[in-house]
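Fold and contact review
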Amino acid sequence: KMYDAISTDRDTMHEAYICGAELESGFPVLPSIHAKPKESVSFREIQKIIDTKDKVVHFYIDDFWFEKLWTNADRYIPQLKCFPFVIMPDFSVFNYMPEPMQHWNRYRSMALGYYLSSKGVHIIPSLGVLTKDDIWTLCGVPMHSTVAVCTNGRIKKPLERKTFVEGLQTQIQILQPTNLIMV
């Protein structure tokens, strides 16, 4: 089923970001992509980059730096299109957050990924690795695609590393990605 509603006069929920999307458990389904970028740059740095060839933009930075993308995605599309690939925005989702907050931030990431893709930005899906049981974060992520994952704050402590690796292994078994980009 395609999503085609905007519930508020001023689209305060940014439903336009998912108009036309097929939904899986409420999350927009992203297209599959095959990419092998050589270098990653953060969204904060894109204005400084002159040679964009073989680079991928990532959002594995504090959410504060790309909240502006959520509120006005169209403003940043021309800049993002200069890069061959962009890892979808990755709003923070942590185990200790209340579930509705986890789902909202994951939804925002997926919605922006879908919207940017619909505007011609080549989006690489980002995995939301929490635990091996949190496969809901895979809703909308295509199988047999290049995917990306962030290791920030997930591998220094032995228990966190174990949880991350187990969750990532589960997601890899399910999605069978063609390429995994670790940032």
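Located above this text is the structure these notes cover.
Presented here is an overview of the structure given in this document. Since the model is a prediction, treat every value here as computed from it, not as a measurement.

With a phi angle near 55 degrees, S25 is a residue other than glycine that sits in the positive phi range. By secondary structure assignment, the location of S25 is in the loop between β1 (23-24) and β2 (27-28). Owing to a relative accessible area of 64%, S25 belongs among the exposed residues under this scheme. The phi dihedral of H144 falls on the positive side, at around 55 degrees, and the residue is not glycine.

With that settled, consider the packing of aromatic side chains. If you walk through the whole model with that rule in mind, you get 12 aromatic pairs. Centroid distance F43 to Y76: 5.6 Å. Interplanar angle 70 degrees. Geometry classified as edge-to-face. Of this pair, F43 sits in the loop between β3 (39-42) and β4 (55-58) while Y76 sits in helix α2 (residues 73-80); the two residues are 33 residues apart in sequence, bridging distant segments of the chain. You can call F43 buried: its relative accessible area is 4%.

Another aspect to go through is a positive patch on the surface. Among the surface-exposed residues, R44, K48, K68 and R75 lie close enough to one another that they form a single positively charged patch. Within the fold, K68 resides in helix α1 (residues 67-71).

An α-helical segment advances 3.6 residues per turn. Residues three or four places apart therefore align on the same side. Over its 18 residues, helix α4 (residues 158-175) runs 25 Å from end to end, which matches the ideal 26 Å to within 8%, given 1.5 Å per residue. Looking at the buried residues of α4, the elements they touch are β7 (146-149) and β8 (179-182). Phi turns positive one or two residues past the end of α4, at Q176, with a value near 50 degrees.

Mapped onto the secondary structure, S118 falls in helix α3 (residues 99-118). Judged by its relative accessible area of 44%, S118 falls in the partly exposed class. The sequence separation of S118 and D4 amounts to 114 residues, and the corresponding C-alpha distance is 14 Å. Separated by 2.6 Å, the side chain of S118 and the backbone oxygen of Y115 make a polar contact.

Contact pair α2 / α3: the axes reach a minimum separation of 11 Å and the direction vectors enclose 60 degrees. Judged by the inter-axis angle, α2 sits oblique to α3. Helix-helix and strand crossings are classified by hand; for α2 and α3 the assignment is right-handed. Residue-level inspection shows A73, D74, I77 and L80 of α2 in contact with α3, the latter providing L112, Y115 and L116. Partitioned by chemical class, the residues of the contact of α2 with α3 number 6 nonpolar, no polar and 1 charged.

Spatially, 4 strands are ordered β3-β4-β5-β6 in an open sheet, and the strand pairing comes out parallel. The sheet is open, and its two edges are formed by β3 and β6 (123-124), each paired on a single side. As defined by bridge partners, β3 adjoins β4 across 4 bridges and the pair is classed as parallel. In the strand pairing of β4, E39 is matched with K55.

So, about the side chain of T170. Note that T170 resides in helix α4. Contacts of T170, omitting those with residues within four sequence positions, involve K132 and I135.

Here we take up the side chain of N105. Summarising the element assignment, N105 is placed in helix α3. Not counting residues within four places of it along the chain, the set of residues in contact with N105 comprises D63, F91, S92, V93 and M97.

Procedures and definitions
- Residues numbered from 1 in each chain as written.
- Predicted model: local features only at pLDDT ≥ 70, side-chain atom pairs only at ≥ 80, totals over all residues.
- Heavy atoms only, no water.
- Helix = DSSP H or I, 4+ residues; strand = E, 2+ residues; numbered from the N terminus.
- Buried < 20%, exposed > 50% of the residue type's maximum accessible area, 1.4 Å probe, protein only.
- Phe/Tyr/Trp six-rings, centres within 6.5 Å; stacked < 30°, edge-to-face > 60°.
- Patch = residues over 30% accessible without salt bridge, like charges linked within 9 Å, V, L, I, M, F, W, Y side chains within 5 Å.
- Areas by Shrake-Rupley, 256 points an atom, 1.4 Å probe, with all protein chains shown as cover.
- Salt bridge = Lys/Arg side-chain N within 4 Å of Asp/Glu carboxyl O.
- Lys, Arg positive; Asp, Glu negative; His and termini not counted.
- Charge placed at Lys NZ, Arg CZ, Asp CG, Glu CD.
- Expected span 1.5 Å × (residues − 1).
- Contact = heavy atoms within 4.5 Å.
- Polar contact = N/O pair within 3.5 Å; in protein donor to acceptor, adjacent residues only side chain to side chain.
- Axes fitted to C-alpha atoms, helices over the stretch in contact; angles between N-to-C directions.
- Parallel < 35°, antiparallel > 145°, perpendicular 65-115°, else oblique.
- Left-handed = near helix turned anticlockwise from the far one by under 90°.
- Nonpolar A, V, L, I, M, F, W, Y, C, P; charged D, E, K, R; others polar.
- Pairing = 2+ DSSP bridges.

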